[in-house]
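# Tertiary structure, described
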Amino acid sequence: MTHIEVKAVNKVFKTDSREVIALKDINLDIPQGQFVCLLGPSGCGKSTLLNAIAGFSLPSSGTITADSKLVTGPGPERGMVFQEYALFPWMTVEKNIAFGLEIKGMPQAEIAAKVDQLLGMLSLSDFKHRFPKDLSGGMRQRVAIARVLALDSPIMLMDEPFGALDALTRRNLQDELLRIWAELKKTIIFVTHSIEEAIYLADRIVVMTYRPGTVKRDLMVDLPRLRDPSAAEFNALKRELGQLVMEEQQRHHNDEMRMAAVD
């Protein structure tokens, strides 16, 4: 079953002096439960596409449907996890996780049970009374993920959620995310500029071109889980994707050089 459909999507940003085509003719069908990574260099429109799917910034043309509904704004079927954690600093861990459930008017007993379940799932039980300022970056991101999971959205949208973390914390959270995904059967769209992260996590990798952002390559990752980054098959795919991304990085560099020459 198609869970997310992106059909002929274009996005144009207008300034006083010019128009910037951020996305051009994007077409994607994402089935329920699939883990998709959007991969590409800075400026290729990965986050722009994710924000359009989230409903934060609507396409200039084309349509997006999620959970069989036309996307016209943010919706409860789509939960968003940001790189910056986006936690309320004045709330404890448990209060941050409970916030969305309280807004929905869920009974307090059900909220407490749900929060306790998520605290255990994400190894946060010992930190439930802490404030975000007292947590490491990895712990803060666990809380952010728990807050989205609390709403039980069938779709999770993740914008470079592990990009600011050290390598060990990043791998630990990648494994946690894969465990949660396997258990809860969420549909995940995950933005990253890390080729290794995309291969480690995804069922499917969508490589995007430098501006205007289009789909350069859409490929399935046919590697068994858990994946070994030292395996020959893993590194063969890493080299293939690296070449695709470097081509777009070079286009980005050439564009900047031309702009500098004009200035």
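All of these numbers come straight from a predicted model, not from anything done at the bench.

With that settled, consider the overall build of the protein. The helix and strand inventory of the protein stands at seven helices and 10 strands. In terms of overall size, the protein behaves like a compact globule, its C-alpha atoms giving a radius of gyration of 19 Å where 263 residues would be expected to give roughly 18 Å. For the protein, the C-alpha atoms occupy an extent of roughly 60 × 45 × 40 Å along the three principal directions. Among the 263 residues that make up the protein, the fraction classed as buried is 47%. Total accessible area on the protein stands at roughly 12,800 Å², and carbon and sulfur atoms take up 53% of it. The centroid of the 32 positive side-chain charges in the protein is displaced by 1 Å from the centroid of its 34 negative side-chain charges.

Here helix α3 (residues 108-121) contains 14 residues, and its C-alpha end-to-end distance of 20 Å stays within 8% of the 20 Å for a straight helix at 1.5 Å per residue. Three or more residues of α3 are buried, namely I111, V115, L118, L119 and M121. The arc that holds every buried residue of α3, seen down its axis, measures 160°, which confines them to one face. Contacts made by the buried residues of α3 are with α2 (93-104), α4 (137-150) and α5 (167-184). S123 sits one or two residues past α3 and shows a positive phi near 55°.

This part takes up the pairing of strand β4 (residues 61-66). Residues in a regular strand point their side chains to alternate faces of the sheet. In terms of strand pairing, β4 meets strand β5 (residues 69-70) through two bridges, oriented antiparallel. Bridge pairing in β5 places A66 opposite K69. Following β4, the chain reverses through two residues before pairing antiparallel with β5; D67 in that reversal takes a positive phi of roughly 55°.

With mixed pairing, six strands are arranged side by side in an open sheet as β6-β7-β8-β3-β9-β10. Strands at the two margins of the open sheet, each flanked by one partner only, are β6 (78-81) and β10 (215-220). Across the sheet, the mean angle separating the axes of adjacent strands is 15° when strand polarity is ignored. Two strands pair when backbone bridges link them, and strand β9 (residues 204-208) and β10 are joined in this way by five bridges, in the antiparallel orientation. Across the sheet, V207 pairs through a bridge with R217, a residue of β10. The sheet contacts of α5 involve β3 (35-39), β7 (155-159) and β8 (187-192), and relative to β8 the element is tilted by about 160°.

Calculation rules
The residue numbering used here restarts from 1 in each chain and proceeds along that chain's sequence as written. Two thresholds apply to this predicted model, a pLDDT of at least 70 for residue-level local features and 80 or more for giving and counting side-chain atom pairs, whereas whole-chain, interface and lining totals are computed over all residues. Side-chain metrics in this entry use all non-hydrogen atoms of the structure; hydrogen atoms and water are not considered. Each helix is a run of H or I in the DSSP string that is no shorter than four residues. Each strand is a run of E no shorter than two, and both are numbered from the N terminus. Here the radius of gyration uses the C-alpha set of atoms, whereas the globule reference equals 2.2 Å times the residue count to the power 0.38. Between buried and exposed lies partly exposed: a residue is buried under 20% and exposed over 50% of the maximum accessible area for its type, with that area taken using a 1.4 Å probe on protein chains only. We get accessible surface area from the Shrake-Rupley algorithm with a probe of 1.4 Å; when it comes to residues, only the shown protein chains can shield them. In summary, the charge assignment counts Lys and Arg as positive and Asp and Glu as negative, without counting His or the chain termini. Here the site of a charge means atom NZ of a Lys, CZ of an Arg, CG of an Asp or CD of a Glu. To estimate how far a helix should extend, the number of its residues minus one is multiplied by 1.5 Å. This arc is taken over the directions from the axis of the helix to the C-beta atoms. For this analysis, residues touch if any pair of their heavy atoms sits within 4.5 Å. A strand pair is defined by DSSP finding two or more bridges across the two strands. For every element, the axis is a line fit to its C-alpha atoms; helices are fit only across the contacting stretch, and the angle between N-to-C directions ranges from 0 to 180 degrees.

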